[in-house]
Amino acid sequence: MPRHSTTRTAPRRGAVPFLNRGFYTGWRIATLFIALLVIIPLSVVFFSWHDPAREIWQHITETLLGNLLRNTFWLVTGVSTGTILLGVSLAWLTAVCEFPGRRFFTWALLLPLAMPAYVLAFVSLGLFDYAGPVQTWLRAWFGSSSWFPDVRATGGVVTILTLALYPYVYLLSRNAFQTQGKRLLEAAESLGCGPWRAFFLVVLPMARPWIAGGTLLVIMEALADFGAVSIFNYDTFTTAIYKAWFGFFSLPAAAQLASCLVLLVFFIIVAEQRMRSRMRFSESRQSAKSERILLDRRWRWLAFAYATTVLSFAFLLPLLQLLRWSLNIFHQEFTSRYLALLGHSLLLGLSAALLICACALLLAYTARRHPDAATCALVRTANLGYALPGTVLAVGIFIPVAALDNSVISLGRLFGFETGQIFQGTLLIMLVAYLVRFMAAGFKTIDGAMHRVTPSIDEAARLAGLRGLKLLGRVHLPILRNGLLSAFTLVFVDVMKEMPITLMTRPFGWDTLAVKIFELTSEGEWERAALPAVTLLLTGLVPIILLMRNSES
Amino acid sequence: MKIVKTLLLLTVLIAPVCGSFAVAEEIVVYSARNEHLIQPLFEAYTKETGVAIKFVTDKEGPLLQRLKSEGANTPADLLITVDAGNLWHAASEGLLRPVDSKVLAANVPANLRDVENRWFGLSLRARTIVYCTERVKPELLSTYAALGEESWKGRLILRTSKKVYNQSLVAMLIAEFGEEKTEQIVRSWVANLATEPSSNDTQVMEAIAAGQGDVGIVNTYYFGRLLEKNPDLKLALFWPNQGAAQSGVHVNVSGAGVTKHAKHPAAAVKFLEWLSSEKAQNLFADANLEYPVNPKVAANPEVAAWGKFTASPFNLTQAGALQGAAIRLMDRSGYR
């Protein structure tokens, strides 16, 4: 753990660090700037409390709250348990063991990243619900399908979100296992641990920061998800937020509910960091080519079957269904407009991913250089945007931007010239909004990789006279390469799938594939939405495949 | 620091180029009715008049918030959205302006527009009963309320109460029967449900077709779409509440209003008049298998084939005002 490295600019004890002039180094100022971008929309959300929506809160506490809390609890518990089980086991199998098809599964198991959760939800519900082909077929053969589990119950939603989100845990913990290699396990075994015991006592705890980082992303995604839960008509905090806003027409009540969600996530982040800060995770340098564990015959094929099952339900089956639908409507739906939509999606995804990775790298590096509490708090704050439902965040950004525009316009009038809106409806604002929303996805991945840079590497570099940007560029970046690529892929795919922010902040004419999916699905035209969904999916696959090729070589 | 400064400078320099500027012959539309349903109309209008139409689509909530935050500087001239509740809300927030137009007054019946003419319905959809023709005799159906009778136990399928269409329907029931009686009706529906409420109307109909239940409540155009896809569907529509003293079928609209701070109000009104005209009404309604609001325009034959019905005279302005009460009532009754 690099947190022990000393810094000359550490603020004096007892003083309020933000008032101390020595606090403001270039790195911290940049971090503060990024954190401010997040703090502004968050404060719009929290500011809603100046006018508590008592009537709506009373209604919510009387009739809905118990069910909401119960559902949210089961969703978070179920999905985090599920994603850890799937993500960690698959990461271990593909990173350290050898079984048939391992090379293929290594990258294929990441493909579900490109599948938006709402698409997976809809397709799966269509396949497995009472009227779907599976149960219809069962009824035709056995006369009844009443024994079939109710897919629209809690278990169904948890399964869908687990399948959609496990790649986050898989990707991050795989990075960890890859560096640990087999040597750690051998060391433990030489000390008398059986393979299972060694896995749980040594390997797993050593991978903990990565697993925790991935799980945290999953929890935030699950809490902020609206698309999938609403398709299952499963009431969570997010659906209550939407009800307060669209049903009761009370944006303040919606924002107040959302602020509870942000607090919850903040506590989870702090608790996780508290637990972790007592541990050190120095990593041994990776052996050139660590040998893999050869599973025996039975286990080998079990591993194959397991990976195949996960991949089928999370990706192959829904993809086939989408393709089938797309072929049905391709001739009447496909126009050259799709190329424009695709172009917009790509451009936005790429530029947002670049921007976010740069900022996330900056945050991770600042946190490493300045491990004091105040800087840590700034960095944590900069990551909170991921927990907000996109729509609420979109409003949190839109309100201050519109206010800024309005004051600039009035100022202009004062001096006698008319301007249109200046900031609103520009790509710049859109990118800032993406930055606020997806910072965590980039940061968690890069920060996890940053832990791999041992303090001794830093010390050696310092002795060689490398500091600041040079240290970052010459020493850290090459070590961080895989982490950066992972972060880039995650963010790129996330931005391409994003709907509410894109809808609210896009300039005229800047429709994307996600916008098209929204338009068609909101009218219940799921089959027609298959074409943009497939296009989005296939585009998302490109960076994922490239990423995995790279990390394998 | 240099980077920050440069970025700020760049922003100020580049932004005006990206920003939108008003052009003479142009209307800007914020629409919650989606692209594939409105763009053909925009293109037809531009072709006919040369007036360009710029638009963005989004959900109703964000669009209204957008109008609100932009205030007097909004570029939007026209707001198009579905459901009277949303239109009512936009009007009550002071986002729309009254329009004094003889053409619109003649083309749009009074109960399908705002009392102060701040918004106008442009297409009509009915929310009605759908049943399985194999297992249900239509003589057994009568009213929305009667779906709560003992004989439908375990046979009713409904969409979620979170959808505004159901909220408007219950708002109409409240206006007709009062809260207490309506709550009884909704509770009796919930007691008769065959399965948990679905998230959309198509699922409701598919579940009925597959035999999970026998009756449900859906919007007409969803039925039309499903029928186009699957002509052998064993489902049919039933028009409830048709008795002499009864309220009639619940109808709702998609509609539009000119924004309070429109930059091209005259052009926007002209476009609105055109949308309500005989020429455009079929284009507008048929795109989504809805009914035209203009009484001089006949519905698409496919739509007309579902039969004639008496629509509820319930003024849609009320649906918006009662929407909150309707949601509370459904929550209390355990209708998810």
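Counting starts from 1 at the beginning of each chain's written sequence and moves along it residue by residue. Chains carry letters from A onward and ligands carry numbers from 1 onward, assigned in written order. For this predicted model, a pLDDT threshold of at least 70 governs which residues receive local features, and a threshold of 80 or more governs which side-chain atom pairs are given and counted, while totals over whole chains, interfaces and linings are taken from all residues. Hydrogen atoms and water are omitted, and side-chain values are computed over all heavy atoms in the structure.

1. Structural notes on the overall build of chain A
Phase 1 of the analysis: Labels follow the DSSP assignment, with helices taken as runs of H or I lasting at least four residues and strands as runs of E lasting at least two, numbered in each case from the N terminus. Tallying secondary structure elements over chain A gives 22 helices and 2 strands in all.
Phase 2 of the analysis: Against the compact-globule benchmark of 24 Å for 553 residues, chain A has a radius of gyration of 24 Å, which places it among compact chains.
Phase 3 of the analysis: For chain A, the spread of C-alpha atoms along the three principal axes comes to 75 × 60 × 50 Å.
Phase 4 of the analysis: Looking at chain A alone, contacts between residues at least 24 apart form 83% of all its contacts between residues at least 6 apart.
Phase 5 of the analysis: When charges are counted, Lys and Arg contribute as positive and Asp and Glu as negative, whereas His and the chain ends are disregarded. Positions of charges follow a simple convention, taking NZ of Lys, CZ of Arg, CG of Asp or CD of Glu. For chain A, the separation between the mean place of its 47 positive charges and that of its 30 negative charges on side chains is 12 Å. Each radius of gyration is computed over the set of C-alpha atoms, and the globule rule expresses the reference value as 2.2 Å times the number of residues to the power 0.38. In what follows, a contact means two residues having at least one pair of non-hydrogen atoms within 4.5 Å.

2. Things to note about the side chain of Thr 215 of chain A
Phase 1 of the analysis: On the secondary structure map, Thr 215 of chain A appears in helix H9 (residues 208–224).
Phase 2 of the analysis: Thr 215 of chain A has contacts with Ser 80, Ile 84 and Val 169 of chain A, leaving out every residue within four places of it along the chain.

3. Comments concerning helix H6 (residues 154–180) of chain A
Residue and element names in this part refer to chain A.
Phase 1 of the analysis: Working rule for helices: expected span equals 1.5 Å times residues minus one. Its 27 residues place the ends of H6 37 Å apart at the C-alpha level, agreeing with the 39 Å of an ideal helix rising 1.5 Å per residue.
Phase 2 of the analysis: The term bend refers to the angle at a residue between two fitted axes, each drawn through seven residues, those ending there and those starting there. Where H6 bends most, the angle comes to about 40 degrees, and this point is Ala 164, followed within four residues by the proline Pro 167.
Phase 3 of the analysis: Here's how the labels work: a residue is buried when its accessible area is under 20% of the maximum for its type, exposed when over 50%, partly exposed in between, all with a 1.4 Å probe on protein chains only. Most of H6 sits out of view: 24 of its 27 residues are buried.

4. Side note on the nonpolar core
The nonpolar side chains of soluble globular proteins are, as a tendency, buried together.
Phase 1 of the analysis: What is meant by a nonpolar core is a set of buried Ala, Val, Leu, Ile, Met, Phe, Trp, Tyr and Cys residues, joined one to another through side-chain atoms within 4.5 Å. Counting 196 residues, the largest nonpolar core has Leu 161, Phe 177, Leu 322 and Tyr 434 of chain A as its most contacted members.
Phase 2 of the analysis: Each of two domains, domain 1 (1–46 + 346–473) and domain 2 (57–285) of chain A, supplies a minimum of three residues to this core.
Phase 3 of the analysis: With near-sequence residues (within four places) excluded, Tyr 434 of chain A lies in contact with Leu 348, Ala 352, Ile 356, Met 439, Val 495, Glu 498, Ile 501 and Thr 502 of chain A.
Phase 4 of the analysis: In this structure, Ile 27, Ala 32, Leu 63 and Trp 189 of chain B belong to the second largest nonpolar core, which totals 105 residues. In this entry, domain limits derive from an automatic or database-based domain assignment.

5. Re the packing of aromatic side chains
Each aromatic ring pair is characterised by the separation of its centres together with the angle its planes make.
Phase 1 of the analysis: Put simply, two rings from Phe, Tyr or Trp (the six-membered ring, in Trp's case) pair if the centres are within 6.5 Å, and we call them stacked under 30 degrees between planes, edge-to-face over 60, tilted for the rest. Overall, the coordinates contain 31 aromatic pairs over all chains when judged by the stated rule.
Phase 2 of the analysis: Each ring, one from Tyr 242 of chain A and one from Phe 246 of chain A, has its centre 5.3 Å from the other, and the planes form 85 degrees; the classification is edge-to-face. In this pair, Tyr 242 of chain A and Phe 246 of chain A both sit in helix H11 (residues 237–247), 4 residues apart, roughly one turn of the helix.
Phase 3 of the analysis: Relative to Tyr 338 of chain A, the ring of Phe 334 of chain A has its centre 5.7 Å away and its plane inclined at 15 degrees; by these criteria the two rings are stacked.
Phase 4 of the analysis: Here, over-ring charges are defined by two tests on the NZ atom of lysine or the CZ atom of arginine: distance to the ring centre within 6 Å, and angle to the ring normal within 35 degrees. Across from the ring centre of Phe 508 of chain A, 4.6 Å away, lies the NZ or CZ of Lys 54 of chain B, which sits over that ring.

6. Description of the pairing of strand E3 (residues 78–82) of chain B
Residue and element names in this part refer to chain B.
Phase 1 of the analysis: Of all 5 residues making up E3, 5 are buried, and the element is well covered by its neighbours.
Phase 2 of the analysis: What you see with E3 is no split at all: Leu 78, Ile 80 and Val 82 on one side and Leu 79 and Thr 81 on the other are buried throughout.
Phase 3 of the analysis: In this structure, strand E1 (residues 26–31) lies alongside E3, joined through 3 bridges in parallel fashion. Within E3, the residue paired with Tyr 30 across the bridge is Leu 79.
Phase 4 of the analysis: Examined bridge by bridge, E3 and strand E8 (residues 250–258) share 5 bridges and lie antiparallel to one another. Paired with Thr 81 across the two strands is Gly 255, which belongs to E8. Paired strands, as defined in this entry, are two strands with at least two bridges between them according to DSSP.

7. Some remarks on the interface of chain A and chain B
Interface size is often expressed as the accessible area that is lost when the parts come together.
Phase 1 of the analysis: With 59 residues of chain A in contact, the opposing surface of chain B contributes 58 residues.
Phase 2 of the analysis: Defined in terms of a 1.4 Å probe, buried area is the accessible area two parts forfeit on being brought together, summed over both. A combined buried area of about 5,300 Å² lies between chain A and chain B, and 54% of that area is made up of carbon and sulfur atoms.
Phase 3 of the analysis: Summed over the three residues of chain A that lose the most area to chain B, namely Phe 249, Phe 508 and Glu 523 of chain A, the buried surface amounts to 15% of that side.
Phase 4 of the analysis: Put simply, a salt bridge is a Lys or Arg side-chain nitrogen that is within 4 Å of an Asp or Glu carboxyl oxygen. Linking chain A with chain B are 8 salt bridges, by the criterion used here.
Phase 5 of the analysis: Across the salt bridge formed by Asp 235 of chain A and Lys 162 of chain B, the nearest N and O atoms sit 2.6 Å from each other.

8. Side note on the confidence of the model for chain B
All names here are of chain B.
Phase 1 of the analysis: Confidence of the prediction at every residue is given by pLDDT, a number between 0 and 100. For chain B, the average pLDDT comes to 91, and 93% of its residues sit at 70 or higher.
Phase 2 of the analysis: Taken as a whole, residues 12–23 scores under 50 in pLDDT and shows 17 contacts with residues more than four places along the chain or in a different chain.
Phase 3 of the analysis: Scored as a whole, the predicted complex attains pTM 0.87, and scored at its interfaces, ipTM 0.85.

9. Description of the pattern of salt bridges
Phase 1 of the analysis: A full pass over the atoms with the stated rule returns 31 salt bridges over all chains.
Phase 2 of the analysis: The closest approach of N and O atoms between Arg 155 of chain B and Asp 214 of chain B, which form a salt bridge, is 2.6 Å. Taken together, the positions of Arg 155 of chain B in the loop between strand E4 (120–132) and strand E5 (156–157) and Asp 214 of chain B in the loop between helix H8 (201–210) and strand E6 (215–219) put the pair 59 residues apart, joining distant regions of the chain.
Phase 3 of the analysis: With relative accessibility at 22%, the residue Arg 155 of chain B sits in the partly exposed group.
Phase 4 of the analysis: On the basis of relative accessible area, Asp 214 of chain B is assigned to the buried category, the value being 9%.
Phase 5 of the analysis: Between Arg 187 of chain B and Glu 183 of chain B there is a salt bridge, and its shortest N-O distance comes to 3.0 Å. Of the two residues, Arg 187 of chain B and Glu 183 of chain B are both situated in helix H7 (residues 179–192); the distance of 4 residues between them amounts to about one turn of the helix.
Phase 6 of the analysis: Three or more residues joined by partner-sharing salt bridges are found here, namely Arg 337, Arg 506, Asp 511 and Lys 516 of chain A together with Glu 35 of chain B.

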